[in-house]
Amino acid sequence: MKRIDCLKAIYPELEDCAVVTIMGAVAAELYSLGHRANFFYLEHAMGLASSIGLGIALAQPGRKVVVIDGDGSVLMNLGGLTTLARSRPKNLVHLIFDNETLLSVGGGAPGGYKWFTTATSTGTDLAGIARAAGFPKAQTVRELDDFEEAALDALDGGELSCIVAKVEAEMPKSFLMDVHMLENRFEFPRALQQPPRDRAALRRPTRIAKEQPTTIPALKSREE
Amino acid sequence: MPVSVANSQLVYDAMKGVGVTLVSALPETWLVHLIRMADEDPDMTLVRLAKEEEGVGISAGAHFAGVKSAMLMQNHGFLQAINGIVGVSLLYKIPLLMLITDRGGFGEKDPWQTEGGKHTRPVLDALHIAHDDLTRPDDVQPTMAKAMTLAQSSLSPVALLLNRDLMWEEPR
């Protein structure tokens, strides 16, 4: 499963959300799909994306907050999972792309070669940790269909949830982002001043073309 | 416990007076009343942290979402949060009000508190973070107001060091 395909699957759903991403590949790939003022890319302070998301979620309980995290960052702030779990914001979805490597800080190389892996490569189970921390819902997904279903359910749902998506350790096509950190820092709170619309009014995402039509009822109903 | 309830109330009221509605905290002896007041106040959101650095992120998120916040911590909590302060507050120019109980100075009886207190001001100065001591009850409200004003206008972290003379009442 590729990170970019997961991001494409949820991109249309992020329109009214407050989206906080980590640095590096996740930020660059989300940006490559089309930057929006309601996306904040945390280019440093690894581990704190989920804490920023928690601050937003507590301050604006009526807005859906999506934190797009990575295994390396989450491992730097495991205590933050316990703080999220005990605060239990109903409006926060914690997506973790787990490529089992510190890809964006130099731990990956073109071609998917991993020379600085994280502990998830030797068995650390982030969804298990999130569940044990007290997340009401946390799961690991390995296939794009499963990611899409889980992510859309989480976005539509009314409880704190965590989805760990096992993805390839692939570099983004480009790290280029033509939005300065400070420009992003000032446009983001301005976007959060706009009241969020009712999520039900938002259009559903365009399904990614597949060779075989899906037979999963939950997905079928979304296509109708 | 000789932590001053009256002066904790002064600090708490001053914090609310400058518009703070979200507080993140880790406890230490001098903070017990302040944290209890936040917990008992239905108009205050209290986030109990696992580690202080998280509070920097939470405050940044709250700021983005239009809410004023503060962090309650001790010297070592501040020292623990440095990477977040540099990588979020300073790098992204985000206001941050830090209330730091200042252990380890004159009168400190706990040997384990004596190192952290020694380094707090030099580290604040090294990071060019404006700070002031809260020592006298009369200064609490005006100094808090000025600290918040500077944090908001400079989009920077500021620190108020809660001193022994304010927070601690020696048993007679």
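Read on for a plain summary of the structure.

Cut-offs and rules
- Residue numbers restart at each chain and count upward from 1, following the sequence in its written direction.
- Chain labels run from A onward and ligand labels from 1 onward, assigned in the order the entries are written.
- Confidence filtering applies because this is a predicted model: local features only for residues at pLDDT of at least 70, side-chain atom pairs given and counted only at 80 or more, and all residues used for totals across whole chains, interfaces and linings.
- Side-chain figures throughout are based on the complete set of non-hydrogen atoms in the structure, without hydrogens or water.
- Numbering of helices and strands starts at the N terminus; helices are DSSP runs of H or I of at least 4 residues and strands are runs of E of at least 2.
- Computation of the radius of gyration draws on C-alpha atoms alone. For the globule rule, the value is 2.2 Å times the number of residues to the power 0.38.
- Residue burial is assigned from relative accessible area. The probe radius is 1.4 Å, only protein chains are included, and a residue is buried under 20% of its type maximum, exposed over 50%, and partly exposed in between.
- Whether two residues are in contact is decided by their heavy atoms: any pair within 4.5 Å suffices.
- Reported accessibility uses the Shrake-Rupley method at a 1.4 Å probe radius. Residues are deemed covered only where the shown protein chains occlude them.
- Between N or O atoms, a polar contact is any pair within 3.5 Å; within protein, one atom must be a potential hydrogen donor and the other a potential acceptor, and residues adjacent in sequence are included only when both atoms are from side chains.
- A helix is expected to reach a length of 1.5 Å times the quantity of its residues less one.
- Note on bend: the value at a residue is the angle between axes fitted to the seven residues ending there and to the seven starting there.
- Pairing of aromatic rings covers Phe, Tyr and the six-membered ring of Trp, with a centre-to-centre limit of 6.5 Å; geometry is then stacked below 30 degrees between planes, edge-to-face above 60, and tilted otherwise.
- Any Lys NZ or Arg CZ found within 6 Å of a ring centre and within 35 degrees of that ring's normal is scored as a charge over the ring.
- Grouping buried Ala, Val, Leu, Ile, Met, Phe, Trp, Tyr and Cys residues that are joined through side-chain atoms within 4.5 Å yields what is termed a nonpolar core.
- Note on pairing: two strands pair once DSSP finds at least 2 bridges between them.
- Every crossover in which the path from the first strand over the helix to the second runs clockwise, viewed with the strands pointing away from the viewer, is termed right-handed.
- Surface patches are defined over residues having more than 30% relative accessible area and no salt bridge, joining like charges when they lie within 9 Å and nonpolar side chains (Val, Leu, Ile, Met, Phe, Trp, Tyr) when within 5 Å.
- By definition here, a salt bridge exists when the distance from a side-chain nitrogen of Lys or Arg to a carboxyl oxygen of Asp or Glu is within 4 Å.
- Between N-to-C directions, angles cover 0 to 180 degrees, with each direction set by a line fitted to C-alpha atoms, over the stretch in contact for helices.
- Angular relationships are summarised with four words: roughly parallel below 35 degrees, roughly antiparallel beyond 145, roughly perpendicular across 65 to 115, and oblique for the angles in between.
- Here a crossing is called left-handed whenever its near helix is offset anticlockwise from the far helix by less than a right angle, and right-handed whenever the offset is clockwise.
- As used here, buried area is the combined drop in accessible area, with a 1.4 Å probe, of two parts when they are placed together.

Let us now look at the overall build of chain B. What chain B contains, in helices and strands, is 8 helices and 6 strands. The secondary structure elements of chain B, listed N-terminal to C-terminal, are α-β-α-β-α-β-α-α-β-α-β-α-β-α. For chain B, the C-alpha radius of gyration of 15 Å lies close to 16 Å, the compact-globule estimate for 172 residues. Principal axes of the C-alpha set define a box for chain B whose edges measure 45 × 35 × 30 Å. Evaluated residue by residue, chain B yields a buried proportion of 55% over its 172 residues. Sequence separation of 24 or more characterises 78% of the internal contacts of chain B that already satisfy a separation of 6 or more. On chain B, roughly 7100 Å² of surface is accessible, and the fraction owed to carbon and sulfur atoms is 55%.

All names here are of chain A. As for its placement among the helices and strands, T118 is situated in the loop between β6 (113–114) and α6 (126–133). Using a relative accessible area of 8% as the deciding quantity, one classes T118 as buried. A polar side-chain atom of T118 sits 2.8 Å from a polar atom in the side chain of D71. Excluding its chain neighbours within four sequence positions, the residues that come into contact with T118 are D71, G72, L75, E100, T101 and L102.

As a further point, take helix α7 (residues 137–154) of chain B. All names here are of chain B. Between its first and last C-alpha, α7 extends 26 Å over 18 residues, near the 26 Å set by a 1.5 Å rise per residue. Along α7, the helix axis deviates most sharply at T143, where the bend reaches about 25 degrees. Burial in α7 covers these residues: V140, T143, M144, A147, M148 and A151.

On to the packing of aromatic side chains. With the rule as written, the count across this model stands at 8 aromatic pairs over all chains. On the basis of an interplanar angle of 70 degrees and a centroid distance of 6.4 Å, the ring pair of Y31(A) and Y41(A) is categorised as edge-to-face. A residue pair is termed long-range when its members are at least 10 positions apart, and Y31(A) in helix α2 (residues 25–32) and Y41(A) in strand β2 (residues 39–41) qualify at 10 residues. Through successive ring pairs, a cluster of aromatic residues spans F40(A), F188(A), F64(B) and Y92(B). We note R36(A) situated over the ring of Y11(A); from NZ or CZ to the ring centre the distance is 4.2 Å. The ring of F186(A) is capped by R185(A), whose NZ or CZ atom sits 4.1 Å from the centre of that ring.

Right, let's get into the nonpolar core. Ranked by internal contacts, the top residues of the largest apolar core, which has 89 residues, are F147(A) and M98(B). Leaving out residues up to four positions away in the same chain, M98(B) has contacts with M71(B), M73(B), F78(B), I85(B), L124(B), I129(B), P157(B), V158(B), A159(B) and L160(B). Listed in part, the 31 residues of the second largest apolar core include V23(B), L72(B), M144(B) and L160(B).

Residues and elements named next belong to chain B. Sheet topology note: the strand β1 (residues 20–25)/strand β2 (residues 45–48) ladder contains 4 bridges and is parallel. Paired with A25 across the strands is R48, a residue of β2. As for the winding sense of the linkage, the β-α-β connection from β1 through helix α2 (residues 32–40) to β2 is right-handed.

Attention now moves to unusual backbone geometry. In the Ramachandran plot, E100(A) falls in the positive-phi region, its phi being about 60 degrees despite a non-glycine side chain. Tracing the backbone through its elements, the reader meets E100(A) in the loop between β4 (92–98) and β5 (108–109). Of note, H128(B) is a non-glycine position whose phi angle comes to about 55 degrees, a positive value. Within the secondary structure layout, H128(B) lies in the loop between α6 (114–126) and β5 (130–134). The exposure class assigned to H128(B) is exposed, which follows from its relative accessible area of 73%.

Next up on the list: a nonpolar patch on the surface. A cluster of nonpolar side chains, Y113(A), W115(A) and F116(A), forms an exposed patch at the surface whose accessible area comes to about 400 Å². The residue Y113(A) is located in strand β6 in this model.

All names here are of chain B. The contact between helix α3 (residues 52–64) and helix α5 (residues 82–92) brings their axes to 7 Å, and the two run at 20 degrees. On the basis of the axis angle, α3 is roughly parallel to α5. Seen from above, α3 lies across α5 with right-handed handedness. When α3 is examined against α5, the residues E53, V56 and A60 are found in contact with a partner set consisting of N83, G84, I85, V88 and S89.

Looking now at the interface of chain B and chain A. The interface is formed by 27 residues belonging to chain B together with 29 residues belonging to chain A. For the chain B and chain A pair, buried surface summed over both sides reaches about 2100 Å², with 71% attributable to carbon and sulfur atoms. It is E54(B), F64(B) and Y92(B) that lose the most area in chain B upon contact with chain A, and together they represent 35% of the buried surface on that side. At the boundary of chain B with chain A, the tally comes to 0 salt bridges. Joining chain B to chain A, the criterion identifies 8 residue pairs in polar contact (both at pLDDT 80 or more). Of all elements in the fold, only β2, α3 and α5 of chain B reach the threshold of two or more residues within the side of chain B that touches chain A. The element contributing the most residues to the side of chain B that touches chain A is α3(B), with 9 residues.

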